[in-house]
Amino acid sequence: MKLELKNIQKSFGEKEVLKGISITAVSGRAFGLLGRNGAGKTTTIRILMNVFGAESGDIFIDGSRIDYAKVGIGYLPEERGLYPKKKIIDQLTYFAQLHGMKRPDAVKSIDYWLDRLEMAEYRNKRLDTLSKGNQQKIQLVTALAHNPDIVILDEPFSGLDPVNAMILKDVVKEEIANGKIVLFSSHQMNYIEEFCDSIAILNSGTIVLQGDIHEIKHNYVRDKLVVRSDQADAIAQSLGSCCFRTNDRELMVRLKTAEDKRKVMQQLTEAYDIDEIGVFEPSLNDIFVEYAKDQY
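Can you help me understand the overall build of the protein chain in this one?
The secondary structure content of the protein chain amounts to ten helices and 14 strands. In terms of principal-axis extent, the alpha carbons of the protein chain reach across some 75 × 45 × 35 Å. By the burial criterion, 46% of the 296 residues in the protein chain qualify as buried. Counted over contacts in the protein chain with a minimum sequence separation of 6, partners at least 24 positions apart contribute 68%. Total accessible area computed for the protein chain in this model is approximately 15300 Å², and 46% of it derives from carbon and sulfur atoms. Charge-centre separation for the protein chain: the mean point of 39 positive side chains lies 5 Å from the mean point of 43 negative side chains.

Looking at this structure, I do not really get the packing of aromatic side chains. What am I missing?
Aromatic rings in a pair are described by how distant their centres are and how their planes are angled relative to each other. Applying the stated criterion to the full structure yields seven aromatic pairs. Each ring, one from Tyr112 and one from Trp113, has its centre 5.1 Å from the other, and the planes form 75 degrees; the classification is edge-to-face. On the basis of relative accessibility, which here comes to 46%, the residue Tyr112 falls in the partly exposed class. For Trp113, a relative accessible area of 7% gives the class buried. By way of ring pairs, the aromatic residues Phe157, Phe184, Tyr191 and Phe195 are connected into one cluster.

Sorry, what's going on with the nonpolar core here?
Side chains of nonpolar character tend, in soluble globular proteins, to be buried together. Ile138 and Phe184 are the most contacted members of the largest nonpolar core, which has 51 residues in total. With six residues, the single largest contributor to this core is helix H5 (residues 162-177). Among all residues touching Ile138, those that are not within four sequence positions of it are Leu82, Ile88, Leu92, Leu114, Met119, Leu127 and Leu130. Ranked by size, the runner-up nonpolar core spans 25 residues in total, among them Leu18, Ile21, Ala39 and Leu202.

Honestly, unusual backbone geometry in this entry has me stumped. Any pointers?
The phi torsion at Asn7 lies on the positive side, around 55 degrees, for a residue other than glycine. Here Asn7 shows up in strand E1 (residues 2-12). Here Asn7 falls in the partly exposed class, since its relative accessible area comes to 49%. One non-glycine residue, Glu155, lies in positive phi territory at about 50 degrees. Residue placement: Glu155 occurs in the loop between strand E7 (150-154) and H5.

Before we go on, may I ask you to explain the sheet that holds strand E14 (residues 276-279) in this structure?
Two pairing modes exist for strands in a sheet, parallel and antiparallel, and in both the strands are linked by backbone hydrogen bonds. With antiparallel pairing, the four strands of this open sheet are ordered in space as E12-E13-E11-E14. The two strands at the open ends of the sheet, each matched to only one other strand, are strand E12 (243-247) and E14. Here the strands of the sheet are splayed against their neighbours by 20 degrees on average, with no regard to which way each runs. Of the pairings in the sheet, the one linking strand E11 (residues 224-228) to E14 comprises four bridges and is antiparallel in character. Across the sheet, residue Arg228 finds its bridge partner in E14, namely Glu276. Strands E11, E12 and strand E13 (250-254) of the sheet are contacted by helix H8 (residues 232-239), whose axis makes an angle of about 155 degrees with E12.

Mind showing me how you'd approach the side chain of Lys180 here?
Counting through the fold element by element, Lys180 comes out in the loop between H5 and strand E8 (181-185). Here the side chain of Lys180 touches Asn147 through a polar contact of 2.9 Å, side chain to side chain. Polar side-chain contacts of Lys180 include one of 3.1 Å to the backbone oxygen of Pro148. Setting aside its immediate chain neighbours within four residues, Lys180 contacts Val26, Ser27, Gly28, Arg29, Asn147, Pro148, Asp149, Val151 and Glu175.

Can you walk me through the sheet that holds strand E5 (residues 64-65) in this structure?
As summarised here, the arrangement of the four strands in space is E2-E1-E4-E5, forming an open sheet in which the pairing is antiparallel. Pairing within the sheet leaves two strands with one partner each, and these edge strands are strand E2 (15-26) and E5.

Help me understand the pattern of salt bridges in this model?
Close approach of charged atoms lets side chains of opposite charge pair. Under the defined criterion, the tally for this structure stands at 17 salt bridges. Residues Asp212 and Arg29 are paired through a salt bridge, measuring 3.5 Å at the closest nitrogen-oxygen approach. Within this pair, whereas Asp212 is found in strand E10 (residues 206-212), its partner Arg29 is found in the loop between E2 and strand E3 (30-35), the two being separated by 183 residues in sequence. On the basis of relative accessible area, Asp212 is assigned to the partly exposed category, the value being 22%. Sharing partners across several salt bridges, the network here consists of Lys85, Arg126 and Asp128.

Parameters and conventions
Residues numbered from 1 in each chain as written. Predicted model: local features only at pLDDT ≥ 70, side-chain atom pairs only at ≥ 80, totals over all residues. Heavy atoms only, no water. Helix = DSSP H or I, 4+ residues; strand = E, 2+ residues; numbered from the N terminus. Buried < 20%, exposed > 50% of the residue type's maximum accessible area, 1.4 Å probe, protein only. Contact = heavy atoms within 4.5 Å. Areas by Shrake-Rupley, 256 points an atom, 1.4 Å probe, with all protein chains shown as cover. Lys, Arg positive; Asp, Glu negative; His and termini not counted. Charge placed at Lys NZ, Arg CZ, Asp CG, Glu CD. Phe/Tyr/Trp six-rings, centres within 6.5 Å; stacked < 30°, edge-to-face > 60°. Core = buried A, V, L, I, M, F, W, Y, C linked by side-chain atoms within 4.5 Å. Pairing = 2+ DSSP bridges. Axes fitted to C-alpha atoms, helices over the stretch in contact; angles between N-to-C directions. Polar contact = N/O pair within 3.5 Å; in protein donor to acceptor, adjacent residues only side chain to side chain. Salt bridge = Lys/Arg side-chain N within 4 Å of Asp/Glu carboxyl O.

So this is what it looks like as structure tokens:
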């Protein structure tokens, strides 16, 4: 399955929030939608979910305009939207039925997910008796119980302890392996980097970077070297302003051009006792900061 948002434009009053963005995501792979607060991520998600329409642009599934009667969407919002005083099984069943499930099928699916998320003991409890992390897991059940084709996860790991985060990681990997289209929206770059194959970075309603994460990293300007050595002091003194220390044994060396890397690497390894040397590859966080800055 292939999901395409093409030339989506949306304004609120005189404020143009989305300026003709286009995104493609495919089943069996996770896609990260990134951007600072106010960049347009939430508006994009709401248009995809048909909460409201766009001024222009279209959404396609496998080349045809999306039919919301045939394509199921599961959504885990950043802000929890369940009823704190209601029994968990009752409201989970209610939400599953809103997605078109018959009650017996809904209960069966909910019980599966409660067990899978280690939440079966809370089945008949009120939501407000649970911790924030466990409430997040109950919210996740509403996104998955109806077996959606597209799963949208907005800050899914917020409030989860390491054990629950690991459970959620396994669930997300299973959904990806089962051929779902999984969309992440998060400021936690380590999770995006772990799960997502492709990303799009929004800045002021425009996509400023999009593509395969590994290709983006590989195509990044490769004009810096990372050098680890017990002789870091001597290396820093000899190279001067073109390098800076990242810790006691590590240096970042800025090259005049990317083509200089072999020559500089050879010079350093011949002159000093080098433990490790290589081209600096930026983290996703480094790339995000570069492309998402100066938004306002």
